[in-house]
Amino acid sequence: MSLEKTDAIIIRLADFSESSRVVTMFTRDLGKVSALAKGAKRLKGPFDAAIDLLSTCRVVFLRKSSGALDILTEAQLIKRFKPEGKSLHAVYGGYYVAELLGGLTEDGDPHPRLFDEAVQTLDRLQSDAQPLMVVMRFELLILREIGQLPEFDACQVCGRDVESTRGIRFWVSQGGLVCSECGRPEYEHTEIAPGTIQLLRRMATADGSLAARLAPSPAQYRELRRVVTSAICHAMERRPKMLRYLK
């Protein structure tokens with residue numbers, strides 16, 4: 001056994017016994033980790049109520065080598081997730097971030113940058129006026145981090161630049177955009193406007209504060225949502241449960 005210490009976001013809680021829980025954490029240095037927190041359900045337990053969904057903590061745990069659950073021994077609260085004004089979109093957005101971290105990362109595979117971005121995303125969701133844009137930017141970022149971000153610069157069939165071409169379609173199975181010459185007539189419903197493509201590029205590369213200030217039209221937002229939802233579902237091989245609440 002080895003003793004590990006790192007910062008973590010609590011992304012899932014499951015009851016284990018009358019007093020204990022299994023805590024799934026996305027850690028900065030060790031990736032996704034599940035550990036048994038003995039006594040976590042007690043009012044005056046050993047973790048000082050630090051273990052709460054979406055809270056950021058400094059944790060210490062014993063790593064088992066036999067495939068058994070790790071043992072969480074300490075959890076010091078850094079900050080809780082408490083959106084201002086009790087915004088449901090912000091709350092659901094936070095739950096969605098946890099679902100994406102749980103579903104798109106592997107156990108023991110660290111992504112320090114993704115951890116930092118997840119912490120910043122949760123911070124922005126607590127105060128930002130556009131939580132849906134904050135969430136969408138995080139979706140694009142996690143896709144890029146795991147190598148599943150679609151290509152938004154060129155046709156994935158012929159390589160033609162799509163900077164200002166109309167009739168561009170998004171095919172998630174092709175990994176990105178397909179020009180009008182390479183597309184099939186039956187896929188016309190997947191067409192995406194040039195302005196929406198520009199927004200996707202900016203959101204995939206901009207920092208969080210800039211991305212959150214983008215203001216797409218309702219039509220552009222619907223196109224953005226369609227593209228990003230397709231990419232997320234393709235990467236997860238299922239539709240995330242929290243997506244139904246982010247409308």
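Refer to the preceding data block for the structure.
Summary of the structure given here. All of these numbers come straight from a predicted model, not from anything done at the bench.

Criteria and thresholds
Residues numbered from 1 in each chain as written. Predicted model: local features only at pLDDT ≥ 70, side-chain atom pairs only at ≥ 80, totals over all residues. Heavy atoms only, no water. Helix = DSSP H or I, 4+ residues; strand = E, 2+ residues; numbered from the N terminus. Contact = heavy atoms within 4.5 Å. Areas by Shrake-Rupley, 256 points an atom, 1.4 Å probe, with all protein chains shown as cover. Lys, Arg positive; Asp, Glu negative; His and termini not counted. Charge placed at Lys NZ, Arg CZ, Asp CG, Glu CD. Pairing = 2+ DSSP bridges. Axes fitted to C-alpha atoms, helices over the stretch in contact; angles between N-to-C directions. Patch = residues over 30% accessible without salt bridge, like charges linked within 9 Å, V, L, I, M, F, W, Y side chains within 5 Å. Salt bridge = Lys/Arg side-chain N within 4 Å of Asp/Glu carboxyl O. Buried < 20%, exposed > 50% of the residue type's maximum accessible area, 1.4 Å probe, protein only. Parallel < 35°, antiparallel > 145°, perpendicular 65-115°, else oblique. Nonpolar A, V, L, I, M, F, W, Y, C, P; charged D, E, K, R; others polar. Phe/Tyr/Trp six-rings, centres within 6.5 Å; stacked < 30°, edge-to-face > 60°.

Turning our attention to the overall build of the protein chain. Of regular secondary structure, the protein chain possesses 6 helices and 7 strands. The secondary structure elements of the protein chain, listed N-terminal to C-terminal, are β-β-β-β-β-α-α-α-β-β-α-α-α. Once the C-alpha set of the protein chain is aligned to its principal axes, its extents read approximately 65 × 45 × 25 Å. Across the protein chain, the fraction of contacts at a sequence separation of at least 24, relative to all contacts at a separation of at least 6, is 58%. Counting only carbon and sulfur atoms, one obtains 47% of the accessible surface of the protein chain, whose full area is about 12200 Å². Of the charged side chains in the protein chain, 35 are positive and 31 negative, and the gap between their average positions amounts to 5 Å.

Another aspect to go through is the sheet that holds strand β1 (residues 2–15). As summarised here, the arrangement of the 5 strands in space is β1-β2-β3-β5-β4, forming a closed barrel in which the pairing is mixed. Each strand axis lies, on average, 50° off the axis of its neighbour in the sheet, ignoring direction. Bridge count between β1 and strand β2 (residues 21–27): 7 bridges; the pairing is antiparallel. By the bridge assignment, L13 is partnered in β2 with V23. Contacts from helix α1 (residues 88–104) reach β1, β2 and β3 (31–37) within the one sheet, and its direction differs from that of β1 by about 115°. Packed on one face of the sheet, helix α2 (residues 112–125) meets β1, β2, β4 (56–63) and β5 (70–79) and runs near 45° to β1.

Let us now look at a positive patch on the surface. On the surface, R239, K241, R244 and K247 cluster together into a positively charged patch. Following the sequence through the fold, K247 ends up in the segment after α6 (218–236). A relative accessible area of 72% means that K247 is categorised as exposed.

All right, on to unusual backbone geometry then. With a phi close to 75°, L54 is a non-glycine residue in the positive phi region. Counting through the fold element by element, L54 comes out in the loop between β3 and β4. A positive phi angle is found at E237, which is not glycine, with a value near 65°. Position of E237 relative to the elements: it lies in the segment after α6.

Contact pair α1 / helix α3 (residues 131–145): the axes reach a minimum separation of 9 Å and the direction vectors enclose 10°. The angle between α1 and α3 places the two elements in the roughly parallel class. Residues H89, A90, G93, Y96, V97, L100, L101 and L104 of α1 form the contact with α3, whose participating residues are P131, L132, V135, F138, E139 and I142. Residue composition of the contact of α1 with α3, grouped by class: 11 nonpolar, 2 polar and 1 charged.

This part is about the packing of aromatic side chains. Scanning the model with the defined rule gives 3 aromatic pairs in all. Geometrically, the ring pair formed by F152 and F170 is tilted, given 6.5 Å between the ring centres and 35° between the ring planes. Of the two residues, F152 sits in the loop between α3 and β6 (169–171) while F170 sits in strand β6, which places them 18 residues apart along the sequence. Accessibility classification places F152 together with F170 in one group, the buried group.

It is worth spelling out the environment of Y245 at this point. Its location among the elements puts Y245 in the segment after α6. Look at Y245 and you get partly exposed, because its relative accessible area is 38%. Expressed as a C-alpha distance, the spacing of Y245 and G93, which sit 152 residues apart in the sequence, is 8.6 Å. Among all residues touching Y245, those that are not within four sequence positions of it are H89 and Y92.

Any functional reading would require information that these geometric values do not contain.
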